[in-house]
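Coordinate inspection notes
One letter stands for each residue in the lines below.
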Amino acid sequence: MFQKYLMLCLLLTVTHTAWAQQASLRGRVFDSENDRPLHHATVVISNTGRIAETDSSGNFELMDLEAGVFSVAVTHLGHYPQELSLQLNAGETVEMDVPMRRDLSAQGNAVDIPTLTLDDVENQIEDNSTDVANLLTANRDVYQNVTGFGWFTFRFRERGYDGDLFPLLLNGVPMNDPETGFVFFGEFGGMNDVLRNRESVVGLNAADFSFGGLGGATMIDTRAARQRKQLRVSYASTNRIYRNRIMITYNTGLMPGGWAVSASGSRRWAQEGYVPGTFFDGYGYFLSVDKQFNRRHSLNLTVMGAPTKRGRAADSFQEMFDIAGTNYYNPLWGYWNGEKRNANTTNQHQPLGALRYDYTPDNNTAVTAVVYAQGGRNSFTRLNWLDANNPAPDFNRRLPSSLEDPTQQEYWTQLLSEDESLRQINWFELYDANTRNFETIQNADGVEGNTVEGARALYIIEDQRSDSREYGMNVFARHTLSPRTTLNGGFQYSWYTGENFKVVDDLLGSDFWLDWDFYSVFDLNANQIGRQSDLQNPNNLVREGDVFGYNYDENIRRANFWGQGQFSFANFQFFTAADVTNLQYWRTGYMQNGRFPLSSLGDSDKEVFNTYNLKGGAMWKMNGRNYFYANGLYGTRAPKFQDAYLSPRTRDVLVPNLDVATIQSVEGGYLLRAPKYRIRVTAFLTDFLNETDNIFASSQTISQVIEGLDLSSISDQDIESFLNAPLFFGASVLRGQDRRHMGIEGAIEAKPFTSWVFTFAGTIGKHVYTNRPDLIISLDNQTLPLLEAGQVYQKNFYVPRTPQSAAAVGVKYESKKFWFASLTANYADAIWYDFDRVRRTKLYVEALEQGSPAYNQAIDQLQAPSGFTLDFFGGKSWKLRNNTFVYFNLGVSNLLNNQDIIVSGRESYRNAFRFDITDPRFYTSEVIYAPGINYFASIALRL
């Protein structure tokens, strides 16, 4: 017994001695430029199979290591890999700091490479045809790094998703618009210098600052203490939406006493941009002040804004492009007093103020709280007319193709091609028509017996305003329970009011505008009451600066809670997350519309939606370089305000049986992170079910469908007015729409030789509608009830206005003498036009002979030709003395000057009325072309 006891003691002693001989390694991985801790950095001990991953504080720990000399490899997306030699002695715990240098080539738009600006993005999405969702995330991930800029020309949307599925936070402030969900990049245009510190996640991966979205999430850190200490002055010349840009930025860095200040200002301007008739005049201002009281408490105040005015361009018929001899014909301008004057201009200024508090009680816990306020002007001018002809130079009735006589067609085509003024707005005719239209208005401004004489405007420029006020808060926290377990969570609340109204911007030589409802002109039942925009002020005479037409508020209140758990082991990690949202909105009307007197004034009922999302994912770390992962999401989302109401400008009537949509998504793929190679390949499948989509409807196609409807419940008087109306205006609402987005995306970045970088990226997608939703027609110029038009035969139609397949191949040379040059070839295909849903109903196609040219024209979805571009980017830097540097950069896009790339197409809602729907000429489309060769060159001085 004693011998057994002795043997046990000896065994325990040996075991304890052996245990004591094991070594440990602890450390912290951080960005060498701003000391920001790097989460999800991988630490590998060579030839041992031991792997660790850093937590949100950048810390890692490896226990029970054998003694010896080892090689330690540290990798992190967006940074150069680190290879370190390490000697571990028995019983020793080694602690190490690992600073990681940023890999500028992995950031797409590197610190001093202005390949694309936020202004370019805002210019392309202003027509609501698309939005560039992944621009700000294209600086970390290998796929987004390659695709975020080269495919911008084609208006590529990652996975075909809309921008509301890519949440963006600026210093903790949610920047996605509460009404549409999109990010309006113009709100912080001209501030590129101070928006470089970003943390991004891709797809359904876990984020520390947000639940995230289907496409990922991005946080931009604007705190002054995180900005590089510098004085930077730059000038840029370009031929894109503006011609010149001056930018000045000064960052103090963290000063004694814990203070830091960052300030930036810019001016961008052009008398005319790439498209004729456009102009640009924009400013940007930014101020960020930090106070770090100690290691636990810090406070930041950020104020920023970007007042901008610009003239717009528009899509048009191919017929007009051909006549003009250019694919950049712009119908929105004309000469006035010898200068180009654009009728459609935007004027935006929505400054943001945010106060951020960071509390870090220890290395394992961090809490961030932000309160913010934003509001201001967002306006859009356009021509309006009453009792007059449409003044648009490309109005369908003015097209040569609208004429039946071939001789007249040829003559009118020749005149248009030879005389540019005939293809533009004739401002003189508008002024002349207004000054000649002398009228007497009885009972003006709702006053009995009030008679006013003067020149009543037939044409005006109106300013459609969508001003806003938003207040909110966002609190999110991270707590590391152990080296393997991290908890995240947060709460957001926003209080939003969108003020929608329009004012008279220019009377064009007249004395006043009579505020009658435009749509009432096309309603034979519209009497003196029905034609009034506001029964509280009938026969209202409005002058420049006066509100008219419509005036209502969108009230949106949103509260969101989310939580997340991340669990990491030696070769395996996974996460789970959930969020719940309470959303309520209602309309407040300030005018009593004559056609909808009972549903246009005052507060509507509040609509309340409670939604949720669940997601999770897992990753298997085969070793320090090879990873396999899979993520999934299931949840619901509420319909947007703009889709919920049939016509919020005139009334508060909701889409019947309004309900939430369902989203289910899975993704999985492979990652390689190696010193010379980086690869990501991902397959994805996302279903959107039971969506509501409110879209504008063509007057002609509505007419055809309405003729086949059962109108037995409608009065004879209404039917007569209805059937004899010259035009119909309204909305077509899709209810219960399903769609599927699926595909494979991947990219490779290889550095097999010193100074040379080779890249390839590609995606093959299939984004289609998967069912036949119900169509509801709501008319603005009729008081009829909602019209059920049956099912829309859009199953297997493609989601429009984005390439579904694309590829890019690039090569870059990085000289040791501080210059670089790159060349990238880009290809895009499967770009489909947006289509008129009314034409795809049974009631419409019954009037067409199956298989006839008109039938095929009416039914088939149009596809744009594939596109190809070749892009060059290059630059050089010089060190003058001490810390003084000069940078020169040049980006030239579409080197081959390909001017035939259609980036957006839609079936026209303005058809030639004299044509019958059985005539193939009735079916026309309007398109937008990508710019030809364009450049962006900048020179900067950094002190």
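Remember, it's a predicted structure, so these values are computed and weren't measured experimentally.

Basis of the calculations
- Residues numbered from 1 in each chain as written.
- Predicted model: local features only at pLDDT ≥ 70, side-chain atom pairs only at ≥ 80, totals over all residues.
- Heavy atoms only, no water.
- Helix = DSSP H or I, 4+ residues; strand = E, 2+ residues; numbered from the N terminus.
- Buried < 20%, exposed > 50% of the residue type's maximum accessible area, 1.4 Å probe, protein only.
- Contact = heavy atoms within 4.5 Å.
- Areas by Shrake-Rupley, 256 points an atom, 1.4 Å probe, with all protein chains shown as cover.
- Pairing = 2+ DSSP bridges.
- Phe/Tyr/Trp six-rings, centres within 6.5 Å; stacked < 30°, edge-to-face > 60°.
- Lys NZ or Arg CZ within 6 Å of the ring centre and 35° of its normal.
- Axes fitted to C-alpha atoms, helices over the stretch in contact; angles between N-to-C directions.
- Expected span 1.5 Å × (residues − 1).
- Polar contact = N/O pair within 3.5 Å; in protein donor to acceptor, adjacent residues only side chain to side chain.
- Core = buried A, V, L, I, M, F, W, Y, C linked by side-chain atoms within 4.5 Å.
- Salt bridge = Lys/Arg side-chain N within 4 Å of Asp/Glu carboxyl O.

Remarks on the overall build of the chain
The number of helices and strands found in the chain is 11 helices and 49 strands. Going through the 943 residues of the chain one by one, you find that 59% of them count as buried. Considering only residue pairs separated by 6 or more positions, the chain has 72% of its internal contacts joining residues 24 or more positions apart. Total accessible area on the chain is roughly 38,200 Å²; 55% of this is exposed by carbon and sulfur atoms.

A short note on the sheet that holds strand S10 (residues 198-202)
Pairing within the open sheet is mixed, and its four strands lie in the order S9-S8-S11-S10. Edge strands, defined here as strands with exactly one partner in the open sheet, are strand S9 (173-174) and S10. Relative to strand S11 (residues 216-220), strand S8 (residues 168-170) is paired through three bridges, and the arrangement is parallel. Each residue of the ladder has a partner; that of leucine 168, found in S11, is threonine 218.

Some words on the packing of aromatic side chains
How two aromatic rings sit relative to each other is set out by the distance from centre to centre and by the angle between their planes. Taken as a whole and assessed by the stated rule, the structure comprises 33 aromatic pairs. An angle of 80 degrees between the planes, with centres 6.4 Å apart, marks the rings of phenylalanine 321 and tyrosine 329 as edge-to-face. Aromatic side chains tryptophan 620 and phenylalanine 628 sit 5.8 Å apart centroid to centroid with 20 degrees between the ring planes, which places their arrangement in the stacked category. According to the relative accessible area criterion, tryptophan 620 is partly exposed, its value standing at 44%. In this structure phenylalanine 628 comes out as partly exposed when scored by relative accessible area, which is 35%. Members of the aromatic cluster, joined through ring pairs, are Tyr585, Phe609, Phe641 and Tyr645. Geometry around phenylalanine 820 places lysine 812 over its ring, the cationic atom sitting 5.0 Å from the centre.

Brief notes about the sheet that holds strand S3 (residues 50-53)
Each strand in a sheet pairs with its neighbour through backbone hydrogen bonds, running either in the same direction (parallel) or in the opposite one (antiparallel). The four strands are arranged S3-S2-S5-S6 in an open sheet whose pairing can be described as antiparallel. Sheet topology places S3 and strand S6 (82-88) at the edges, where each strand pairs with a single neighbour. Strand-to-strand twist in this sheet, taken as the mean axis angle between neighbours without regard to direction, amounts to 25 degrees. Two strands pair when backbone bridges link them, and strand S2 (residues 42-45) and S3 are joined in this way by four bridges, in the antiparallel orientation. Looking at S3, one finds that valine 44 is bridged to isoleucine 51.

Quick notes on helix H5 (residues 406-418)
Because an α-helix completes one turn every 3.6 residues, residues spaced three or four positions apart along the sequence face the same direction. If you check H5, its first and last C-alpha atoms are 18 Å apart, about what 13 residues at 1.5 Å a residue would give, namely 18 Å. The opening residue of H5 is aspartate 405, an N-cap whose side-chain oxygen sits 2.9 Å from the backbone nitrogen of threonine 407.

Some points on unusual backbone geometry
Although it is not a glycine, leucine 508 sits at a positive phi angle of roughly 50 degrees. With respect to the secondary-structure elements, leucine 508 resides in the loop between strand S27 (485-506) and strand S28 (513-514). For leucine 508, a relative accessible area of 0% puts it in the buried group. Of note, the phi angle at asparagine 882 is positive, near 45 degrees, even though the residue is not glycine. Within the secondary structure, asparagine 882 sits in the loop between strand S45 (867-881) and strand S46 (884-893).

Observations regarding the nonpolar core
Core analysis: the largest hydrophobic core is formed by 31 residues, its most contacted members being Tyr143, Trp151, Ala761, Ile902, Val927 and Tyr929. When contributions to this core are tallied by element, the ones reaching two or more residues are helix H3 (142-150), helix H4 (318-324), H5, strand S41 (805-814), strand S47 (902-907) and strand S48 (925-929).

Remarks on the side chain of asparagine 344
Among the structural elements, asparagine 344 can be located in the loop between strand S20 (339-342) and strand S21 (345-349). In this structure asparagine 344 comes out as buried when scored by relative accessible area, which is 13%.

Observations concerning the pattern of salt bridges
On inspection of all chains with the given rule, the structure shows 38 salt bridges. Beyond isolated ion pairs, a larger network of salt bridges with shared partners links Asp164, Arg637, Lys640, Glu691 and Arg739.

Details of the pairing of strand S26 (residues 459-482)
Look at any regular strand and the pattern is simple: side chains alternate between the two faces of the sheet. Pairing analysis gives 19 bridges linking strand S23 (residues 365-385) to S26, with the strands arranged antiparallel. Counterpart to valine 371 in the pairing with S26 is methionine 473. Summarising the sheet, S26 and S27 pair through 21 bridges and their orientation is antiparallel. Looking across to S27, one finds that isoleucine 461 is bridged to aspartate 506. Where S26 hands over to S27, the hairpin turn is made up of two residues, counted between the paired strands.

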